[in-house]
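A structural walkthrough
Letter by letter, the chains look like this.
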Amino acid sequence: MRVMSEKEIAELRDRIHSMARSAEAKSDPLAWFEDLYESSEGNVSMIPWSRGDPHQFLVEWTESNNPKGKALVVGSGLGEDAAYLAKLGWDVTAFDISPTAIEWSSRIHDGLNIQWRVENLLDLPQDWTGQWDLVVEVHILQAIPEEVRYPASEKLAPLLALDGTLISIGLFNSSGEHSEGPPWPLSETFIRSIGEGLNQIALEVKKRQEDDTDRLRYISVWKR
Ligand SMILES: C[S@@+](CC[C@H](N)C(=O)[O-])C[C@H]1O[C@@H](n2cnc3c(N)ncnc32)[C@H](O)[C@@H]1O
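Only a predicted model underlies this, so the values are computations on that prediction, with no experimental measurement involved.

What follows is about the sheet that holds strand S2 (residues 91-96). Within a beta sheet, neighbouring strands are joined by backbone hydrogen bonds and run either parallel or antiparallel to one another. Strand order in this open sheet of seven strands is S3-S2-S1-S4-S5-S7-S6, and the pairing throughout is mixed. Of all strands in the sheet, those bounded by a partner on one side alone are strand S3 (114-118) and strand S6 (199-206). On average, each strand axis in the sheet is inclined to that of its neighbour by 15°, with strand direction left out of account. Pairing geometry for strand S1 (residues 70-74) and strand S4 (residues 132-138), over four bridges, is parallel. Opposite Val-74, over in S4, you have Glu-137 as the bridge partner. Contacts from helix H3 (residues 56-64) reach S4, strand S5 (160-171) and strand S7 (217-223) within the one sheet, and its direction differs from that of S5 by about 145°. Seen against the sheet, helix H5 (residues 99-108) touches S2 and S3 and runs at an angle of roughly 160° to S3.

Encoded structure:
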């Protein structure tokens, strides 16, 4: 993949902020995701969160936890985490609100046994409740504005089967400062609320190996 210049990265960030603001102004705050995937016309470098690899924290978690079963990848983007779990032997369903992202992912990861679905976290099929041994959320809640972030986060815990595991990974807000998102780094209080009713077994705040900024990230893990 071609490495973008600082100027191109800044332009892409500005474009995303402007798409997000305009979607919010039209009272359809999640619409810009599909607009971004669609207008990227298959050019992965236009999708700033897509790195071609699974998230390092998810990889680390799987290295010390190796149960297998039914995994649900929430807001799967271009499918790197879903593909990684499928290769490990998980029975994976991955969903995203963007039809273009789902169609694109299914092409990139053609040949892997993954159920690709267009779904909205705010309105999931009822028969998904209590069905999943693993639910993984990477960079979704931090990418959606507060008014939908709270109702969206409440949808995660009920998806877990007995003994199931919920993982949330994202940017950590240690200063309490409000930033102009997306993304909006998440506070510890908010992160803890994601797994309401579950047992939080880990909350680690750390950096990713390749991070060259001071930004902190987190992984939080809960069990039912
Ligand atoms: C910042 S991206 C992260 C994508 C992927 N998880 C990753 O880490 O590369 C956020 C993703 O969440 C999806 N998304 C946002 N709101 C959603 C919702 N309500 N239901 C399902 N997917 C959603 C977007 O389309 C986008 O693909």
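On we go from here.
Attention now moves to the packing of helix H1 (residues 6-25) against helix H2 (residues 31-39). For the pair H1 and H2, interaxial distance at closest approach is 8 Å and the crossing angle is 140°. Put simply, H1 runs oblique to H2. Like other packed secondary-structure pairs, H1 and H2 cross with a definite hand, here right-handed. Residues Ile-16, Met-19, Ala-20 and Ala-23 of H1 touch H2, and the partners they reach there are Ala-31, Trp-32, Asp-35 and Leu-36. When the residues that make up the contact of H1 with H2 are grouped by side-chain class, the tally is seven nonpolar, no polar and one charged.

What counts and what doesn't
Residues numbered from 1 in each chain as written. Predicted model: local features only at pLDDT ≥ 70, side-chain atom pairs only at ≥ 80, totals over all residues. Pairing = 2+ DSSP bridges. Helix = DSSP H or I, 4+ residues; strand = E, 2+ residues; numbered from the N terminus. Axes fitted to C-alpha atoms, helices over the stretch in contact; angles between N-to-C directions. Contact = placed C-beta atoms within 7 Å. Parallel < 35°, antiparallel > 145°, perpendicular 65-115°, else oblique. Left-handed = near helix turned anticlockwise from the far one by under 90°. Nonpolar A, V, L, I, M, F, W, Y, C, P; charged D, E, K, R; others polar.

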